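# Structural description and commentary
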There are 2 protein chains.
Amino acid sequence: MAFSLKRLLVGQPIATDRAHHQRLPKVIALAVFASDALSSTAYATEEILLALMLTVSFTAPETLQNLHTLLPVGLGIGALLVIVALSYRQTVYAYPQGGGAYLVAKENFGQQTGLVAAAALLIDYVLTVAVSVAAGVAALTSAFPHLQGHASSVIYLCLMFIALITLLNLRGMKESGTVFAIPTYGFLLSMVALLVYGFYRQQNGGLGDYSVLQHQQQAISNPAYQTHQLGFFMLLRAFASGCTALTGIEAISDGVPAFQPPESRNAAITLGWMATILVTLFLGITALAYMSNSQPIVALAEGTSQFAVEHNHIESTETLLSVLAHRTFDGTSAAWFYFVLQMFTTAILVLAANTAYADFPRLSMVLARDRYMPRQMANIGDRLAFNNGIIALALCSAVLIVIFRGSVTRIISLYALGVFLSFTLSQSGMVLHWRKLRPPNWKLNVAVNAIGATATFIVMCIILYTKFKGGAWMVAAAIPIIVMGLRKINAHYRSVAQQLSLENYRPMQGRRHFVFVLVPDIHRGVIAALQYARSISPDVQALHISIDQAREKRLREKWTLYSRGVPLEMLPSPYRSLVDPVVDHITQIQKEEPRSLITIVIPEFVPREWWAKLLHGHAGLLLALRLHEREGVVVTNVPYILKPLADAPGQEFAPEPQTTPSH
Amino acid sequence: MAFSLKRLLVGQPIATDRAHHQRLPKVIALAVFASDALSSTAYATEEILLALMLTVSFTAPETLQNLHTLLPVGLGIGALLVIVALSYRQTVYAYPQGGGAYLVAKENFGQQTGLVAAAALLIDYVLTVAVSVAAGVAALTSAFPHLQGHASSVIYLCLMFIALITLLNLRGMKESGTVFAIPTYGFLLSMVALLVYGFYRQQNGGLGDYSVLQHQQQAISNPAYQTHQLGFFMLLRAFASGCTALTGIEAISDGVPAFQPPESRNAAITLGWMATILVTLFLGITALAYMSNSQPIVALAEGTSQFAVEHNHIESTETLLSVLAHRTFDGTSAAWFYFVLQMFTTAILVLAANTAYADFPRLSMVLARDRYMPRQMANIGDRLAFNNGIIALALCSAVLIVIFRGSVTRIISLYALGVFLSFTLSQSGMVLHWRKLRPPNWKLNVAVNAIGATATFIVMCIILYTKFKGGAWMVAAAIPIIVMGLRKINAHYRSVAQQLSLENYRPMQGRRHFVFVLVPDIHRGVIAALQYARSISPDVQALHISIDQAREKRLREKWTLYSRGVPLEMLPSPYRSLVDPVVDHITQIQKEEPRSLITIVIPEFVPREWWAKLLHGHAGLLLALRLHEREGVVVTNVPYILKPLADAPGQEFAPEPQTTPSH
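Reference entry: report on the structure contained in this document. (Residues numbered from 1 in each chain as written. Chains lettered and ligands numbered in written order. Predicted model: local features only at pLDDT ≥ 70, side-chain atom pairs only at ≥ 80, totals over all residues. Heavy atoms only, no water.)

### Some words on the overall build of chain A
What counts here: Each helix is a run of DSSP H or I of at least 4 residues and each strand a run of E of at least 2, with the numbering of both proceeding from the N terminus. Classification of residues uses two cut-offs on accessible area relative to the type maximum, computed with a 1.4 Å probe and protein chains only: under 20% is buried, over 50% is exposed, and between them is partly exposed. In this description, contact between two residues means that some pair of their heavy atoms is separated by no more than 4.5 Å. Every accessible area reported is derived by Shrake-Rupley at a probe size of 1.4 Å, with residue values counting cover from the shown protein chains alone.
Counting its secondary structure elements, chain A contains 22 helices and seven strands. Buried positions account for 61% of the 663 residues belonging to chain A. Taking as baseline every contact in chain A between residues at least 6 positions apart, the subset at least 24 positions apart corresponds to 83%. Split by element, the accessible area of chain A, about 26,500 Å² in all, is 63% carbon and sulfur.

### Examining the relation of the copies chain B and chain A
Two copies of the chain are present, and they differ by a rotation about an axis and a shift along that axis. So the rule is basically this: Overlaid copies result from least-squares superposition on C-alpha atoms, with residues included only where pLDDT is at least 70 in both.
In the superposition of chain B on chain A (RMSD 0.2 Å, axial shift 0.1 Å), the rotation amounts to 180 degrees. Taken together, the rotation and translation relating the two chain copies correspond to the operation of a two-fold axis. Within chain B, Ile536 of chain B has its C-alpha nearest the rotation axis, a separation of 2.1 Å. A symmetric contact is evident, with 100% of the interface residues of chain B recurring at the interface of chain A.

### A word on the sheet that holds strand S7 (residues 633-641) of chain A
All names here are of chain A. Here is the rule: Strand pairing is assigned whenever DSSP identifies at least 2 bridges connecting the two strands. For helices, the fitted line uses only the C-alpha atoms of the stretch in contact; every axis is such a line through C-alpha atoms, and the angle between N-to-C directions lies from 0 to 180 degrees.
Taken together, the five strands give an open sheet; going across it, the order is S5-S4-S3-S6-S7, and neighbouring strands pair in parallel fashion. A single partner strand is all that each edge strand has here, and the edge strands are strand S5 (568-572) and S7. Mean inter-strand twist for the sheet, computed between neighbouring axes without regard to direction, equals 30 degrees. Where strand S4 (residues 540-546) meets S5, five bridges bridge the pair, whose relative direction is parallel. Looking across to S5, one finds that Ile545 is bridged to Leu571.

### Let's talk about helix H17 (residues 408-437) of chain B
All names here are of chain B. To keep it simple, the criterion reads: One less than the residue count of a helix, multiplied by 1.5 Å, gives the span that helix is expected to have. Here the bend at a residue is taken as the angle between two axes, fitted respectively to the seven residues that end there and the seven that start there.
Helix length check: H17, at 30 residues, gives a terminal C-alpha distance of 43 Å against a target of 44 Å (1.5 Å per residue), a fit within 8%. The largest bend in H17 comes to about 25 degrees, at Leu414. Note on H17: the residue one or two positions beyond its end, Arg438, has a positive phi of about 50 degrees.

### Comments concerning the sheet that holds strand S7 (residues 633-641) of chain B
Residue and element names in this part refer to chain B. Pairing is parallel in the open sheet, where five strands are placed in the order S5-S4-S3-S6-S7. Each end of this open sheet is capped by a strand with a single partner; those strands are strand S5 (568-572) and S7. The average angle at which neighbouring strand axes cross in this sheet is 30 degrees, direction not considered. Where strand S6 (residues 597-606) meets S7, nine bridges bridge the pair, whose relative direction is parallel. Each bridged residue has a counterpart across the sheet, and for Ile600 the counterpart in S7 is Val635.

### Structural notes on the pairing of S6 of chain B
Residues and elements named next belong to chain B. For clarity, the cut-off: Crossover handedness is defined by viewing with both strands directed away from the observer: a clockwise path from the first strand over the helix to the second marks the crossover as right-handed.
A large share of S6 lies buried, amounting to nine of its ten residues. Of the pairings in the sheet, the one linking strand S3 (residues 513-518) to S6 comprises five bridges and is parallel in character. In the strand pairing of S6, Phe514 is matched with Ile598. Handedness of the S6-helix H22 (residues 619-627)-S7 crossover: right-handed.

### A look at the packing of aromatic side chains
All names here are of chain A. The line we're drawing: The aromatic pairing rule takes the rings of Phe, Tyr and Trp, using the six-membered ring of Trp, and pairs them if the centres are within 6.5 Å, calling planes under 30 degrees apart stacked, those over 60 edge-to-face and the rest tilted. Comment: the charge-over-ring label is applied if NZ (Lys) or CZ (Arg) is within 6 Å of the ring centre and within 35 degrees of the ring normal.
Per the counting criterion, the structure on display carries 22 aromatic pairs over all chains. Taken together, a centroid distance of 5.3 Å and an interplanar angle of 90 degrees make the contact between Phe233 and Tyr465 edge-to-face. Here Tyr465 lies in helix H18 (residues 442-500) and Phe233 lies in helix H10 (residues 232-242), a separation of 232 residues in the sequence. For Phe233, a relative accessible area of 30% gives the class partly exposed. Under the relative-accessibility criterion, Tyr465 is labelled exposed at 56%. Lying over the aromatic face of Tyr493, Arg371 brings its terminal NZ or CZ to 5.8 Å of the ring centre.

### Digging into the pattern of salt bridges
Residues and elements named next belong to chain B. Selection criterion: Should a side-chain nitrogen of Lys or Arg be within 4 Å of a carboxyl oxygen of Asp or Glu, the pair is scored as a salt bridge.
The full count for this structure, using the stated rule, is 18 salt bridges over all chains. One salt bridge connects Asp370 with Lys106, and the closest N-O pair in it is separated by 2.6 Å. One end of the pair, Asp370, is in the loop between helix H15 (337-369) and helix H16 (387-403); the other, Lys106, is in helix H5 (residues 101-109), and 264 residues separate them in sequence. Here Glu557 ties to Lys553 by a salt bridge, and the two come within 3.6 Å at their closest N and O atoms. Of the two residues, Glu557 and Lys553 both sit in helix H20 (residues 549-562), four residues apart, roughly one turn of that helix. Since its relative accessible area comes to 54%, Glu557 is described here as exposed. Lys553 gets classed as exposed once you look at its relative accessible area, which sits at 55%.

### Remarks on the environment of Ala378 of chain A
All names here are of chain A. Mapped onto the secondary structure, Ala378 falls in the loop between helix H15 (337-369) and helix H16 (387-403). C-alpha separation for the pair Ala378 and Leu367, spaced eleven residues apart in sequence, amounts to 8.5 Å. Sequence-distant contacts of Ala378, defined by excluding residues within four places in its chain, comprise Met365, Ala368 and Phe386.

Shown next, in the form of structure tokens:
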């Protein structure tokens, strides 16, 4: 039944030879790989504002005095975005097999640096899922504030969305590509509509009024919300917050093999489209917010700590995008368009997580192939998806959502550090790549990647400096731990390969094979096990563990009738253990004949009903667990299949049967 | 390591032949078996008052107008107590092997009625643990009110105490007897001191004043707390609430075999002691509360529902005993004695649960011997205790504590019904017993038990009537469900015994034995498995599941070198499953040769490190699960023990090894 449920949800299996059908055309690939990057325009500007608002005098918030810095910060991020996109365009051509930061760093700096990049990427993918889903839910609750009512309802919504995306991905890539095209393009068009109409209204008398002030007043009453001086540090922090706009820009370079041939060219074109759209939307929203003096609405709950406020852990109860859309469309005949925008925003944000669902399993597979991750990560599921990677990603991001209670701003504090570390490693690796290969125009290539590497390295330092206490320390601590874990796994696999090597291997010959059958009683199940034991060796001994004297006597009396010459040995068990006497017996045999091979045959009842399995002891299982790490010992259960209860007639409350199964 | 932790907590194993040492002298037996009954004096009077208080006019609570009914209700319960004790005294003599309600009902009414009694008893034991522990924690939090601070801290305290008692019982009975003597006798002496000094002060100017009123005022403000008319129903409910004083009175009759010989006589004497002490303490506390106008302190939290109040689900924040002790000792030079009493009350209440820990496992063992419970319940642990029963009881009561959030009053609403059902069945069974055997004076015996049966039957009806909505319905529903479960288990065991019977059994002869070895690759682990397969049958075939073409090619090339003549078959797996092709292959073989016996040999790596187990696939386990219910199929794992990582040198970042383990 669990099996057919899986088929219903995930679909029929797809054969291996259909694998090449699962390539994406550019228009679909843009939706799949760019949803992360594009969707970040829904929160990047807001994060800058939330940082700048800490420096606003809240006694007169209507002046929004320090918000004039929004525009230069936004322009700086836009410039950074262009630099990084150009830098990655070169990676797409240099690594048509998929140039993730792991591969580029490994090839050019060596395995160690590659693992650092891999750790940063793995963290990054998990955070992408958590941030995107949380931001999607924030867009939803901005439109329907009553969804915020209960604190944990946000968490449930997030988890529900994660489950949905996981399912879509388990079904396989191509189908999910189609599913993701609609929200991505819907969001794109809605944003264009918002910007066009927003700027039009702004030029013709300004956007509509929206009761921002009245909401913001609540924040003032919280004593923790003190005004900071707008200093260099706060400006840097605002910049660092906005850099989340760049997350996801590398996705295409990781996924080149998923494009239709010619892969590199198609991927580069798609990357160009994506960067153009991204810069346009981000700068457009930033400019509109600046010109119309819009800001996200925050309401500090009683009990919000000074720490939370200082480290930018404040939450918006209504997103900037929602405020802008309200001010643009409310009171016009297109007021309904507010809901269209919010729905598409939610959709693209929730689905943005899909970028990570495409890349996390692929990176895990590459690491598993290099023996740095469990080999199961390289298994391809029956729908041609890397199921284990997909499930691992879903679990990790769900845990993050629960820990951080679905708060975008708190998760985002962890986000950008890993991203920019992998940017830096990848692009400085590209510099070495060009210097090594020296293709025509290699100096230009070096220059582009060097600029990219330098810029992203500086930004990484800014993020580490301004966000350390606010959460980046967790990522800084997690990266070396993950690298150590990956190395440990690799050491294990290498050790196994060495131990299993057939070089100089001379298998032991002529080992004596002892077979022991456990006979708790005498009945059909035991006879079947005895028969089996006799069929695998002429050298069989039956063992009975003496606990119940009456049963022992009964067994002795009947034994000769059914034993067919197999000798029966009674093992005393003064402490009533069913396992210890057998283990002791085997230890004794192994001491006497160290080269011997021992098989323990255990008769086992297999009832059909699940609950009936609880009604039989599991001495066999316990014994298998105890002897599992013994060299030269094999534990074999010989099942005796019981009929289901309904098929086996029998008068209830019959007198106690004479022949009783045991253990 | 888990093993030595168990030894440290539970102690060294005790041999079977030392079993007869574990008998209890009377003084210890009183502590072990009577702690439940005696400890109920700590809450029985309070429960009567909590019911009566619903009829008090709270606008003038100082008048306590309806509390004059406390004394007659108390006297009625005292009389009932004497009747039931006399009735059970006869059971002790009639059933020296232990006359639990199950046994008595089964012998005299038949198995069906016995099972009803057994179900009532099992519920009763679980509730005994829950109520006693919760009341013990209530005594503790009365003395240290700040422990009530957080709602779940009461639950944690309860669970901690359950864990403690469980551990003591897993260590074995005799030692726990000694542990329980101190609190039982300490409580007894403290109660005597309270009563003597309390009555002395009451006669000489009255007990001290204690700010009862001021606390009670809080209750008035809750609109749910309306005054009921003191009618017949409310009086009956007060009586029913007080009947919890009788719980545990049957414990000695269940446990006669634990007494030193002559068992019956010693048990009867101990029962006499217990009943005398019980009646004295209960009536003493009731009288003192009545004369001094004392009552437990309740504080209804905002949001307490009308239903909770009407069905007596109100909580005392300070127990009646605590109020009495404060009023008796405060302001005197013995003020410190308040804490002594509260400590001993906590101790005896928490340990009262031990009565159930002695009886629940014993009843489960009896039921298991009769094949109505899983046979594991009859296993005697290595300290001569019925470990599985002890653990089952601990888990069930812990679940109850969590569900009812450690509230005495709410759990008590479920409590008395099952107890009085088993009383009624047991004592009416005794009537039949005497009429059947007709010993000298049998008519007197019949009369005593008939009075007992009638009285307890009437009380049972009262409880069902007055407490039905308040919680007794759950017990009324649970009993038939449990009876059905017990019968289902019995039906299963009888069916198994029938299927395993050797009558008319002719085992299949000359079955052909096919042995298949799974070879994912070629390495030492596979060679070991091949050797094993060859040793158990000359008819061996190797199976490889083709997923990775490169690996398949490598295997083909190397096969002849190592195969020793075993043929290799490639099973295609278009959907990349490691399990399905093997299952299909076996299905095919079984279709062709239905009488064949099939062994599947799976090479398995066994790493020493727990985490390394996650790094190897578990195709063997999955296959075993899929084939477990197949007639004639045996799955055998041949382990290949890997060295721990530290012992296996190897240069890190070595080139990809050629020979790689798989699956």
